Each structure stands twice: as C-alpha cells, then as structure tokens.
Amino acid sequence: MVIKVLIADQERIFAEALAVRLADEDDMTVVGTLHITRSGHLLTRAEPADVMVVDGDLPDDGANRLCAEVSGRAGSSRVIALSCSSEPERIVTAIRAGAAAWVRKDQSLEDLLRVIRGVARGETWLPASETGNVVRLLLHEQDQRREHERLLASLTPRERAVLTCL
C-alpha cells in the first residue's frame, strides 16, 4: 500500500524539502504541499491524502482549526501535527481537534517516517517524553470535571434554578 501524504506548512521551503524527502520512500507519495499564509488561507489545493502533516505552530490556532476541519470529514486524512514544542496543553488541544499524532520538528526524519506509517495504519502517536505529562493533564482535567459534577449535585433545587438564570 502506498501512503498518500499531504503537507501543510507556513514555511514553503520546509514543506517542499520534506516533500522531496518523503517522495524518496517507496511506500509514500506526496500528493501536494499546501502553503498556509498568516491569515490561514491555503494557497494551493491538492488531492485527498491518507495522512496530512500539518504545521502545529500555525498562528491563531490555525493548526487546530485545520485539523478539526480535515478530521471531521468522512474518509478524511489522519492528521499529524508537526511542531517546535511539546507542551502538554498544546498536544491535548490538538488531539481534541482530531490530530492522530504530535511530532516535534527536532525529531529525526526516521521518527517522522515511522509515525507517518503508523498513523496510516490507524495508530496514534505522542512523543514518549511527553506521554506522562499528557496523561497527567488529562487525569487532572477529569478530576476537575468530577469535582464540578459533585458540587453541582450537592445544590438544592432552588440553587440550581438560580444558577440556570445566571
């Protein structure tokens, strides 16, 4: 199976260099590179892909908006966010937007190739160094939700009625 890859990045040179390198792989074909302007507009169109590598550092939450748009379509591409950072909050936000993987730009090309192949098979991937932090963040958020639910459950009917008016 040949994996069709689409690259969307705000740095045209980076996207084109990555496309050239991915095209050297026997099991991958690059179906296009999208240059994304500061305003978030796509300057190039491409055919559908199995995997979309998105610049996770797009301004104004552009990567997450693009990820949500792409992953929300039937038969859509699986998205890999490629970023300079690995802050757990950003990773969780990308996953919630529909990203299947988060890869740091300073990881090796071999790591990225392995992730692309895994994501094409339906796998999900996070940087090993951040997995613990991501899980802790998700568990903390879950604990906060439970505490909020517990507090809401302890309200009297009158208190709930007043709260709904606010």
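Quick caveat, the model's predicted, so the values are computed rather than measured. (Residues numbered from 1 in each chain as written. Predicted model: local features only at pLDDT ≥ 70, side-chain atom pairs only at ≥ 80, totals over all residues. Heavy atoms only, no water.)

### With respect to the packing of helix 1 (residues 12-23) against helix 4 (residues 109-120)
Line of reasoning, step 1. It is at 12 Å that the axes of helix 1 and helix 4 come closest, and there the two elements cross at 70°. Relative to helix 4, the element helix 1 lies roughly perpendicular. Of the residues in helix 4, those in contact with Leu18, Arg21 and Leu22 of helix 1 are Leu109, Leu112, Leu113 and Ile116.
Line of reasoning, step 2. Grouping the constituent residues of the contact of helix 1 with helix 4 by class yields 6 nonpolar, no polar and 1 charged. (Axes fitted to C-alpha atoms, helices over the stretch in contact; angles between N-to-C directions. Helix = DSSP H or I, 4+ residues; strand = E, 2+ residues; numbered from the N terminus. Parallel < 35°, antiparallel > 145°, perpendicular 65-115°, else oblique. Contact = heavy atoms within 4.5 Å. Nonpolar A, V, L, I, M, F, W, Y, C, P; charged D, E, K, R; others polar.)

### Considerations on the side chain of His35
Line of reasoning, step 1. Tracing the backbone through its elements, the reader meets His35 in strand 2 (residues 28-35).
Line of reasoning, step 2. A polar side-chain atom of His35 sits 3.3 Å from a polar atom in the side chain of Arg12. (Polar contact = N/O pair within 3.5 Å; in protein donor to acceptor, adjacent residues only side chain to side chain.)

### A short note on the packing of helix 3 (residues 88-97) against helix 5 (residues 128-153)
Line of reasoning, step 1. Direction vectors running N to C along helix 3 and helix 5 enclose 70°, while the axes themselves pass 9 Å from each other. Classified by the interaxial angle, the pair formed by helix 3 and helix 5 is roughly perpendicular. The residues of helix 5 that touch helix 3, namely those facing Pro88, Glu89, Ile91, Val92 and Arg96, are Glu130, Asn133, Val134, Leu137, Leu138 and Glu141.
Line of reasoning, step 2. Grouping the constituent residues of the contact of helix 3 with helix 5 by class yields 6 nonpolar, 1 polar and 4 charged.

### Re the pairing of strand 2
Line of reasoning, step 1. Here 7 bridges tie strand 1 (residues 3-9) to strand 2, and the two strands are oriented parallel to one another. Residue pairing across strands places Val5 opposite Val30, the latter belonging to strand 2.
Line of reasoning, step 2. For the crossover from strand 1 across helix 1 to strand 2, the handedness is right-handed. (Pairing = 2+ DSSP bridges. Right-handed = clockwise from strand over helix to strand, strands pointing away.)

### Section: the pairing of strand 5 (residues 99-104)
Line of reasoning, step 1. In terms of burial, strand 5 is largely enclosed, as 5 of its 6 residues are buried.
Line of reasoning, step 2. As paired elements, strand 4 (residues 78-83) and strand 5 share 5 bridges and run parallel to each other. The residue of strand 5 that forms the bridge with Leu82 is Val103.
Line of reasoning, step 3. Note on the crossover from strand 4 through helix 3 to strand 5: the handedness is right-handed. (Buried < 20%, exposed > 50% of the residue type's maximum accessible area, 1.4 Å probe, protein only.)

### Focus on the nonpolar core
Line of reasoning, step 1. Of all hydrophobic cores here, the largest spans 23 residues; its most connected members are Leu6, Ala8, Met52, Val54, Leu66 and Val79.
Line of reasoning, step 2. If you list the elements that add at least two residues to this core, you get strand 1, strand 2, strand 3 (51-55), helix 2 (62-71), strand 4, helix 3, strand 5 and helix 5.
Line of reasoning, step 3. Here Val79 is in contact with Met52, Val54, Cys67, Val70, Ala99, Ala100 and Ala101, once residues within four sequence places are set aside.
Line of reasoning, step 4. Grouped together as the second largest cluster of nonpolar side chains are 20 residues, Ile3, Val51, Val103 and Ile116 included. (Core = buried A, V, L, I, M, F, W, Y, C linked by side-chain atoms within 4.5 Å.)

### A closer look at the pattern of salt bridges
Line of reasoning, step 1. In this structure the tally under the stated criterion is 11 salt bridges.
Line of reasoning, step 2. With a closest N to O distance of 3.4 Å, Asp55 and Lys105 form a salt bridge. One end of the pair, Asp55, is in strand 3; the other, Lys105, is in the loop between strand 5 and helix 4, with 50 residues separating them in the sequence.
Line of reasoning, step 3. Using a relative accessible area of 1% as the deciding quantity, one classes Asp55 as buried.
Line of reasoning, step 4. When the shortest N-O distance is used, the salt bridge between Asp57 and Arg90 registers 3.1 Å. Of this pair, Asp57 sits in the loop between strand 3 and helix 2 while Arg90 sits in helix 3, and the two are 33 residues apart along the sequence.
Line of reasoning, step 5. With a relative accessible area of 22%, Asp57 lands in the partly exposed category.
Line of reasoning, step 6. Owing to a relative accessible area of 25%, Arg90 belongs among the partly exposed residues under this scheme.
Line of reasoning, step 7. Taken together, the shared-partner salt bridges in this structure form one network comprising Arg21, Glu25, Asp27 and Arg117. (Salt bridge = Lys/Arg side-chain N within 4 Å of Asp/Glu carboxyl O.)

### A short note on unusual backbone geometry
Line of reasoning, step 1. At Asp60, a residue that is not glycine, the phi angle is positive and equals roughly 55°.
Line of reasoning, step 2. Summarising the element assignment, Asp60 is placed in the loop between strand 3 and helix 2.
Line of reasoning, step 3. In this structure, Asp61 takes a positive phi of about 60° despite not being glycine.
Line of reasoning, step 4. Structurally, the position occupied by Asp61 is in the loop between strand 3 and helix 2.
Line of reasoning, step 5. A relative accessible area of 44% means that Asp61 is categorised as partly exposed.

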